[in-house]
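# Architecture and fold: a report
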Amino acid sequence: MSPVYSLVVPIYNEEAVLPLLLRRLDALMDALDAPAEAILVDDGSADASPIVLEAKARGDSRYRFIRLSRNFGHQVAITTGMARAAGRAVIVMDADLQDPPEVVLDMVAKWKEGVQVVYAERLTREGESRFKRMTADLFYRLLGGLSEVDIPRNVGDFRLVDRQALDAFLAMPERDRFVRGMFAWIGFRQAVVKFHRPPRAAGETKYSLAKMLRLAASGVVSFSDAPLRLALWAGLAISSLAILYGLWVIAMWTMNADFARGWSSIAVLVTFLGGANMLMTGVLGVYVGRIYSEVKRRPLYVVEREAGFAAPAAESAGRGEAAARRA
Ligand code: UDP
Ligand code: MG
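Calculation criteria
- Residues numbered from 1 in each chain as written.
- Chains lettered and ligands numbered in written order.
- Predicted model: local features only at pLDDT ≥ 70, side-chain atom pairs only at ≥ 80, totals over all residues.
- Heavy atoms only, no water.
- Helix = DSSP H or I, 4+ residues; strand = E, 2+ residues; numbered from the N terminus.
- Rg over C-alpha atoms; globule rule 2.2 N^0.38 Å.
- Buried < 20%, exposed > 50% of the residue type's maximum accessible area, 1.4 Å probe, protein only.
- Contact = heavy atoms within 4.5 Å.
- Areas by Shrake-Rupley, 256 points an atom, 1.4 Å probe, with all protein chains shown as cover.
- Lys, Arg positive; Asp, Glu negative; His and termini not counted.
- Charge placed at Lys NZ, Arg CZ, Asp CG, Glu CD.
- Polar contact = N/O pair within 3.5 Å; in protein donor to acceptor, adjacent residues only side chain to side chain.
- Core = buried A, V, L, I, M, F, W, Y, C linked by side-chain atoms within 4.5 Å.
- Near = heavy atom within 4 Å.
- Nonpolar A, V, L, I, M, F, W, Y, C, P; charged D, E, K, R; others polar.
- Axes fitted to C-alpha atoms, helices over the stretch in contact; angles between N-to-C directions.
- Parallel < 35°, antiparallel > 145°, perpendicular 65-115°, else oblique.
- Left-handed = near helix turned anticlockwise from the far one by under 90°.
- Arc of directions from axis to C-beta.
- Pairing = 2+ DSSP bridges.

This brings us to the overall build of the protein chain. Secondary structure assignment for the protein chain yields 11 helices and 8 strands. The C-alpha atoms of the protein chain give a radius of gyration of 25 Å, which is well past the 20 Å a tight globule of 327 residues would have. Each principal axis of the C-alpha distribution contributes one length, and for the protein chain these read about 95 × 40 × 40 Å. Counting the 327 residues in the protein chain, one finds 45% classified as buried. Looking at the protein chain alone, contacts between residues at least 24 apart form 81% of all its contacts between residues at least 6 apart. Surface exposure of the protein chain reaches about 17100 Å², of which carbon and sulfur atoms provide 62%. A gap of 3 Å separates the mean positions of the 41 positive and 36 negative side-chain charges of the protein chain.

On to the side chain of Ser49, then. With respect to the helices and strands, the residue Ser49 is situated in helix H2 (residues 49–59). At 3.1 Å, the side chain of Ser49 and the backbone nitrogen of Glu14 are in polar contact. If we skip the residues at most four places from it in the chain, Ser49 touches Ile11, Asn13, Glu14, Glu15, Leu18 and Asp42.

The next thing to look at is the nonpolar core. One broad rule of soluble globular proteins: the nonpolar side chains tend to lie buried together. With 40 residues, the main nonpolar core has Met82, Phe169 and Phe183 as its most contacted residues. Excluding anything up to four places from it in sequence, Phe169 contacts Thr79, Met82, Arg177, Val179, Met182, Phe183 and Ile186.

For ligand 1, the set of nearby residues contains 19 residues, the closest of which are Glu14, Asp43, Asp96, Thr205 and Lys206. Taking Pro10, its main chain carries an N or O atom lying 2.8 Å from an oxygen atom of ligand 1. The side chain of Lys132 places a nitrogen or oxygen atom 2.7 Å from an oxygen atom of ligand 1. Taken by itself ligand 1 offers 530 Å² of open surface, and the protein chains cover 95% of this. Per-class residue counts for the shell around ligand 1 are 5 nonpolar, 5 polar and 9 charged.

On to the packing of helix H1 (residues 18–31) against H2. Running from N to C, H1 and H2 cross one another at 25°; their axes reach a closest spacing of 11 Å. As summarised for this structure, H1 and H2 are arranged roughly parallel, according to the angle between their axes. Where H1 crosses over H2, the two elements pack in a sense that is right-handed. Residue-level inspection shows Leu18, Leu22 and Asp26 of H1 in contact with H2, the latter providing Ser49, Val52, Leu53 and Lys56. For the contact of H1 with H2, the class distribution of residues is 4 nonpolar, 1 polar and 2 charged.

With that settled, consider H2. By the burial criterion, the buried members of H2 are Ser49, Pro50, Leu53, Glu54, Lys56 and Ala57. Considered in projection along H2, the buried side chains sweep an arc of 160° and stay on one side of the axis. Exposed side chains of H2 directed beyond 90 degrees from the buried face belong to Ile51, Arg58 and Gly59. Against strand E1 (5–11), H1, strand E2 (36–42), strand E3 (63–68) and strand E8 (303–307) lie the buried residues of H2.

Before going further, it helps to examine the sheet that holds strand E5 (residues 117–125). A sheet is described by the order of its strands in space; here 8 strands give the open sequence E7-E5-E6-E4-E1-E2-E3-E8, paired in mixed fashion. One side of each edge strand has no neighbouring strand; the edge strands of this open sheet are strand E7 (190–197) and E8. When strand polarity is set aside, the average angle formed by the axes of neighbouring strands in this sheet is 20°. As judged from the 4 bridges shared by E1 and strand E4 (residues 89–92), these two strands associate in the parallel manner. Each bridged residue has a counterpart across the sheet, and for Tyr5 the counterpart in E4 is Ala89.

Now the structure itself:
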């Protein structure tokens, strides 16, 4: 019997929370009104997680297990799981139970009303540091200002997507996957359910500061070219000031003013312009780097082993399942 619901759970070094997670997933699948499957994606964990997960997938026909060959990161892990989901509604949730399974039932209710993308908005975030909340808030303001699509705030990757929206997502070929932005871009009928985000059930965050910064950069660069346009406006402003300054110099000249002074203003101008040039070269470099990684067309991920699927993937991650399907 093919499942109606697919639960996709990315897992990176989560052995502490797995017993609880599997119990809650069992309960959630029992509570759902139609057959469900759970796709557990091990994102190259170094602990016992993959052993526990594979055993579960071999012992329980509702579970599927995929292990990636290394740590590809959260966004790629959830893309992997979604690419292998068989359900008509696919729900992505974190392993640490910060995305409470009960909320899934509210999402399903919205889906039945005909909404294609249901995302969960965090009303509160318990047990997260002030620093994380403040930086997250700042980031979403910045992104909201820069991006052409409206990326909802206080929303992570906890969402339900309909098959139609999922296929649109999987057909997006980019390597640089900022999943919440991509779903905002897709459109369709979208709705929100609100929830209070509890602290992590066990273990520690797997999102290091470096990973968070990378995610933030990826969000800005994938959804905005405003940083590139910065050079245009800065260039215009600086040139206009230079013209005014030039006119002033000519005026002083005609009045035979004394020109021995002014070396310090030149030093300031030269260093400022040098810095501005380097900054903009760096911004260009960031975008060129993204273009480079896109044109290399490497697979998005590499699967090491899997269990519980009816048939293995049609092709190795190749150019992504979506591309394989289009071919
Ligand atoms: N995760 C992952 N790969 C990574 C980092 C995290 O698959 O490189 C998973 C992790 O196991 C969890 C989810 O992504 O299921 C969210 O991570 P976490 O709870 O550590 O992030 P936070 O809630 O602290 O932002
Ligand atoms: Mg978490």
